[in-house]
Amino acid sequence: MSKNYALVWDLDAIYSGGSGSEALLEALAETTKDIASFKQAVRDWEIPSGSADVSEFLLLINQNADIAKQLMNAAAFLECLSSADTRDLKAVELSGGVYQQLSELETIENEWHEKFALISDDVWASLLQENGLSEIAFVLNEARDNRKKKGTRDEETVISALNVDGYRGWSDHYDTIVATIRVPVTIDGEDKEVSAGQALNLLSHPDRAVRVAVFEAYGKAWQEKSQLFSDTLNHLAGFRLAVYRTRKWDNVLSEPLAINRLDEKTLATMWEVIEKHKATFVDFLNRKAQLFGIEKLSFHDVFAPLTLDSEPKKYTYQEGADFILTQFAKFSPKMASFAKHAFEQQWIEAEDRDNKRPGGFCTDFPLEKESRIFMTYDGAPGTVATLAHELGHAFHSHVIRDEPFENTNYAMNVAETASTFAEMIIADASVKEAATKEEKIVLLEDKIGRSIAFFMDIRARFLFETRFYEARKEGLVSADRLNTLMEEAQREAFKDALSEYHPQFWSSKLHFYIAEVPFYNFPYTFGYLFSLGIYHQALAEGSGYEDKYIALLQDTGAMTTEQLAQKHLNIDLTKPDFWESALEIAVGDVKEFLELTNDLV
């Protein structure tokens, strides 16, 4: 008999007492002192001109890491609190203080990295050859190169100081507005108001009449506050573009590509290969419309489940957990063992209740070397896969936990590889273990939904954000214009295969308002396709692939994406071959779905 896993997480193991935690306040007070000490140490550090003294440099590296870990811990803890209860205003208030400290740390790091840039190449190379530095040479070189691309010390100091009320302030403001969103719905004859997150879940309701009504109310709720959201998005983007002008960065993709350690040619090649195969996925959308008995899908139909006149499959939380553990074990006993530990130690917040934020995430606590997962579990196969997705993130952090701290900061695109790989294991297993043809069709449709999400929905977000930033360079972009840009992007990405779009999507999607990372979209598609290619290799090699997979994950923070692929997969990501092979898997799913449903239309 399986353990009755809890639906709520344990945060007391991190800091006891929630947003009133004395331990947290003491830690932040101590960090304030550490930041002051680090600031002075950086200013006292003399730029080496001959044989470098590595001991003082190592001391600075360790000081920097210790402060970063403490602040990451606090920020993650407060994010967990405010996500699990949007009414926890104390957590929001404390977050502001933490991000102020992070801004101060960034300012000091900029000053330190400026000294990196002033060290001669010969002395720098000699310094990196010293004991303890060769392992983190990639990260140190990256910091040195990135600093050379930024502004003067005074400019970067001002930017860091303004980040709190620029990026972070507007991002937090978005969360404040979202917390006020209430959507009126009627479910089973009962009229009620639900949060944005609950309404989002209802857009996948199996009853189309419910979806139609909720979609209308949902769109109206966001539209009513569109001016607030457009102000927020315009000012967040305006701040970002002002930073780019200061640094003389013209290409709006320069920063996200650098953050993801990705070559623009790789990104372009990936999108080109996807575009070549779009017709196949339009065929899927058209077939799904036929199965729904309609001419074309609406936006809310795209990710709605097929039921085929039967009750949709549901998993209790325990059943979902057991299914994940069983399937993980078939590929990687180490992954299964880790996931079991996460369930048993209450690392997961999955309860379906009011006042939770929409969406899901996995966040890390570097001091404890633990993770926490946030989501809202409703028992549908899709949420089981989402749970597996977040466990994939946590497993990635787990296998990299003993690497040097500097090498644990892996980019978003490869972070999404681990999560999507875990999700793929579950989705694939669900299809293969289907008891009937009807169940197989339903589960296969859910699995193909991921391809639609990454190839079409994410593509629309990328197109919108690219065009919005270009428009924003010329001035403020009105809410109506944002609606138009969003719908145009969706029509293009979905090849005009839908009857109705979601022009307010720009206001309802958190990803456009994330402070730290612009273009929080294409890394998902990259991670999905990259993981499909890895999954294909794993199926071919069997259980022996586990250690190779873990070795790849352990290197994700210590090299570029192209270097990672070359070292562990022997592939060139700037060429279409790998992307074509990965697409074959997704295209094969669609072909199987079309064949299975031929006699149903």
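None of these values were measured; they are calculated from a predicted model.

A. Main features of the environment of Ile 119. Relative to the helices and strands, Ile 119 is located in the loop between α3 (89-118) and α4 (121-128). Taking the C-alpha atoms as reference points, Ile 119 and Ser 49, separated by 70 residues in sequence, lie 6.9 Å from one another. Ignoring anything within four residues of it in the chain, the contact list for Ile 119 reads Trp 45, Ile 47, Pro 48, Trp 124 and Arg 144.

B. Region of the structure containing the environment of His 393. Assignment of secondary structure puts His 393 in helix α15 (residues 381-399). By relative accessible area, which is 12% here, His 393 ends up buried. Placed 29 residues apart in sequence, His 393 and Ala 422 show a C-alpha to C-alpha distance of 8.5 Å. With residues up to four places along the chain from it excluded, the contact list for His 393 reads Cys 362, Tyr 410, Ala 415, Glu 416 and Ser 419.

C. The arrangement of the packing of aromatic side chains in detail. On inspection of all chains with the given rule, the structure shows 47 aromatic pairs. Here the aromatic rings of Phe 421 and Tyr 549 are separated by 4.4 Å at their centres, their planes lie at 25°, and the arrangement is stacked. With Phe 421 in helix α16 (residues 412-432) and Tyr 549 in helix α21 (residues 546-554), the pair connects residues that are 128 residues apart, well separated along the chain. A residue is classified by how much of its surface remains accessible, and Phe 421, at 0% relative accessible area, is buried. Their ring planes at 65° and their centres at 5.7 Å tell us that Phe 455 and Tyr 528 sit as a pair that is edge-to-face. With Phe 455 in helix α17 (residues 437-472) and Tyr 528 in helix α20 (residues 522-541), this residue pair connects regions lying 73 residues apart in the sequence. With respect to burial, Phe 455 and Tyr 528 carry one shared label: buried. Taken together, the ring pairs connect Phe 215, Trp 271, Phe 299, Phe 462, Phe 464, Phe 468, Tyr 469, Phe 494, Phe 505, Phe 512, Phe 519 and Phe 522 into an aromatic cluster. Sitting above the plane of the Tyr 99 ring, Arg 168 keeps its charged end 3.7 Å from the centroid.

D. Structural context of a negative patch on the surface. On the surface, a cluster of negative charge is contributed by Asp 44, Glu 46, Asp 53 and Glu 56. Structurally, Asp 53 is set in the loop between α1 (22-44) and α2 (54-84).

E. View of the pattern of salt bridges. One pass over the structure, following the stated rule, counts 41 salt bridges. Of the charged contacts, one joins Glu 275 and Lys 278 as a salt bridge, the two residues approaching to 3.4 Å between their closest N and O atoms. Judged by its relative accessible area of 30%, Glu 275 falls in the partly exposed class. Given the relative accessible area of 1%, Lys 278 is considered buried. For the salt bridge of Arg 467 with Glu 492, the shortest nitrogen-to-oxygen distance reads 2.7 Å. Taken as a pair, Arg 467 in helix α17 and Glu 492 in helix α18 (residues 479-493) lie far apart in primary sequence, 25 residues in all. For Arg 467, a relative accessible area of 31% corresponds to the partly exposed category. Classification of Glu 492 by relative accessible area gives partly exposed; the value is 37%. Here the salt bridges do not stand alone but share partners, grouping Glu 349, Glu 351, Arg 353 and Lys 356 into one network.

F. Main features of the packing of helix α9 (residues 226-247) against α17. Between α9 and α17, whose axes approach to 10 Å, the crossing angle comes to 75°. Relative to α17, the element α9 is oriented roughly perpendicular. Packed against α9, whose contacting residues are Leu 233, Asn 234, Leu 236, Ala 237, Gly 238, Arg 240 and Leu 241, the element α17 presents Phe 464, Phe 468, Tyr 469 and Arg 472 at the interface.

G. A look at the side chain of Ser 195. Mapping Ser 195 onto the fold places it in strand β2 (residues 190-195). Among all residues touching Ser 195, those that are not within four sequence positions of it are Ile 181, Arg 182, Asp 354 and Lys 356.

H. Highlighting α1. With 23 residues, α1 extends 33 Å from end C-alpha to end C-alpha; this agrees with the ideal 33 Å at 1.5 Å per step. When we look at burial in α1, the residues that qualify are Leu 24, Ala 27, Leu 28, Thr 31, Ile 35, Phe 38 and Val 42. At its buried positions, α1 is contacted by α2 and α3.

I. Fine view of the pairing of strand β5 (residues 361-365). Burial along β5 is one-sided: the residues Phe 361, Thr 363 and Phe 365 are buried and none of Cys 362 and Asp 364 is. For β5 and strand β6 (residues 370-374), the ladder comprises 5 bridges, and the chain directions are antiparallel. Looking across to β6, one finds that Phe 365 is bridged to Glu 370. Connecting β5 to the next strand, β6, in antiparallel fashion are 4 residues, including Lys 369 with a positive phi near 55°.

J. Representation of the pairing of β2 in the model. With 6 bridges joining them, strand β1 (residues 182-187) and β2 adopt antiparallel strand pairing. Across the sheet, Thr 186 pairs through a bridge with Asp 191, a residue of β2. Between β1 and β2, which follow one another and run antiparallel, lie 2 residues, and Asp 188 among them has a positive phi close to 55°.

K. Molecular detail of the sheet that holds β6. Taken in spatial order, the 3 strands make up an open sheet running β4-β6-β5, and their pairing is mixed. With one partner strand each, in any of the chains shown, β4 (348-349) and β5 form the two edges of the open sheet. Contacts from α2 reach β5 and β6 within the one sheet, and its direction differs from that of β5 by about 145°.

L. Up close: the state of the cysteines. Applying the stated rule across the entire model yields 0 disulfides. We note that Cys 80 lacks a disulfide partner, and the nearest cysteine sulfur, in Cys 362, lies 9.1 Å from it.

Cut-offs applied
Residues numbered from 1 in each chain as written. Predicted model: local features only at pLDDT ≥ 70, side-chain atom pairs only at ≥ 80, totals over all residues. Heavy atoms only, no water. Helix = DSSP H or I, 4+ residues; strand = E, 2+ residues; numbered from the N terminus. Contact = heavy atoms within 4.5 Å. Buried < 20%, exposed > 50% of the residue type's maximum accessible area, 1.4 Å probe, protein only. Phe/Tyr/Trp six-rings, centres within 6.5 Å; stacked < 30°, edge-to-face > 60°. Lys NZ or Arg CZ within 6 Å of the ring centre and 35° of its normal. Patch = residues over 30% accessible without salt bridge, like charges linked within 9 Å, V, L, I, M, F, W, Y side chains within 5 Å. Areas by Shrake-Rupley, 256 points an atom, 1.4 Å probe, with all protein chains shown as cover. Salt bridge = Lys/Arg side-chain N within 4 Å of Asp/Glu carboxyl O. Lys, Arg positive; Asp, Glu negative; His and termini not counted. Charge placed at Lys NZ, Arg CZ, Asp CG, Glu CD. Axes fitted to C-alpha atoms, helices over the stretch in contact; angles between N-to-C directions. Parallel < 35°, antiparallel > 145°, perpendicular 65-115°, else oblique. Expected span 1.5 Å × (residues − 1). Pairing = 2+ DSSP bridges. Disulfide = S-S within 2.5 Å.

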